[in-house]
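# Analysis of the macromolecular model
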Amino acid sequence: MAMSGGSDDGEPMMDLNVTPLIDVMLVLLIMFIITIPPQTHAVKIDLPTNSPPDKQNVVDPVKNKLTTDAAGTILWNGSPIDIVTLRQYLDQTKRMTPEPELQFEPDAQTRYVVIDNMLAVIKRSGVTKMGFVGNERYGNF
């Protein structure tokens, strides 16, 4: 009744032929790979426009440093400014070609709402070259 494995002792054959199973799995894998649509990743970049730069002493054409102190005073290249003046300076930097780098360095003791307002103004202005400076100081907080 049982199939013989070719030996003379009469034991049933315990090996299973997996070659057809592997063939079917490979065909299914190839079909799935072919039918999956390719992922397209798009990175949206706001390119600067060609406009003459405004010549102002307060806006550096290479890099500008935006900092805060513990009291929440906003400093643009070391000079205290308010949030409206910050927006005006950011608009000036946006019109420059090439756009200067904005280095953002908030003080660790500044209230979060001040930093959040500054970041909101920066985002609304559309500045594309911005970096956070001095993050290594916040490792222990």
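Shown above is the structure to which this text applies.
Here's a quick rundown of the structure. None of the values given here were measured: they were computed from a predicted structure. (Residues numbered from 1 in each chain as written. Predicted model: local features only at pLDDT ≥ 70, side-chain atom pairs only at ≥ 80, totals over all residues. Heavy atoms only, no water.)

Before going further, it helps to examine the pattern of salt bridges. This model, assessed by the stated rule, comprises three salt bridges. A salt bridge links R87 to D91; the shortest N-O distance between them is 3.3 Å. Of this pair, R87 and D91 both sit in helix α2 (residues 83–95), separated by four residues, roughly a single helical turn. Residue class for R87 comes out partly exposed when judged on its relative accessible area of 30%. Judged by relative accessible area, which is 27%, D91 ranks as partly exposed. Between E99 and K94 there is a salt bridge whose closest N-O contact spans 3.9 Å. Relative accessible area serves as the criterion here: at 5%, E99 is assigned to the buried category. Since its relative accessible area comes to 24%, K94 is described here as partly exposed. (Salt bridge = Lys/Arg side-chain N within 4 Å of Asp/Glu carboxyl O. Helix = DSSP H or I, 4+ residues; strand = E, 2+ residues; numbered from the N terminus. Buried < 20%, exposed > 50% of the residue type's maximum accessible area, 1.4 Å probe, protein only.)

It is worth spelling out the packing of aromatic side chains at this point. The description of an aromatic ring pair uses the distance of the two centres, along with the angle that the planes make with each other. Per the counting criterion, the structure on display carries two aromatic pairs. The interplanar angle of 50 degrees and the centroid separation of 5.3 Å between the aromatic rings of W76 and Y89 together place this pair among those described as tilted. With W76 in strand β2 (residues 74–76) and Y89 in helix α2, the pair connects residues that are 13 residues apart, well separated along the chain. Aromatic side chains F104 and F132 sit 5.7 Å apart centroid to centroid with 85 degrees between the ring planes, which places their arrangement in the edge-to-face category. Here F132 lies in strand β5 (residues 130–132) and F104 lies in strand β4 (residues 101–105), a separation of 28 residues in the sequence. The buried category is assigned to F104, whose relative accessible area is 1%. (Phe/Tyr/Trp six-rings, centres within 6.5 Å; stacked < 30°, edge-to-face > 60°.)

Strand order in the open sheet formed by five strands is β3-β2-β1-β4-β5, with mixed pairing between adjacent strands. Across the chains shown, the open sheet's two edge strands, defined by having one partner strand only, are β3 (79–81) and β5. Direction aside, neighbouring strands of the sheet carry axes that sit 30 degrees apart on average. With three bridges connecting them, strand β1 (residues 63–68) and β2 associate as antiparallel partners. Paired with L66 across the bridge in β2 is W76. On top of the sheet, α2 reaches β1, β2, β3 and β4; it is set at about 30 degrees to β2, its chief contact. (Pairing = 2+ DSSP bridges. Axes fitted to C-alpha atoms, helices over the stretch in contact; angles between N-to-C directions. Contact = heavy atoms within 4.5 Å.)

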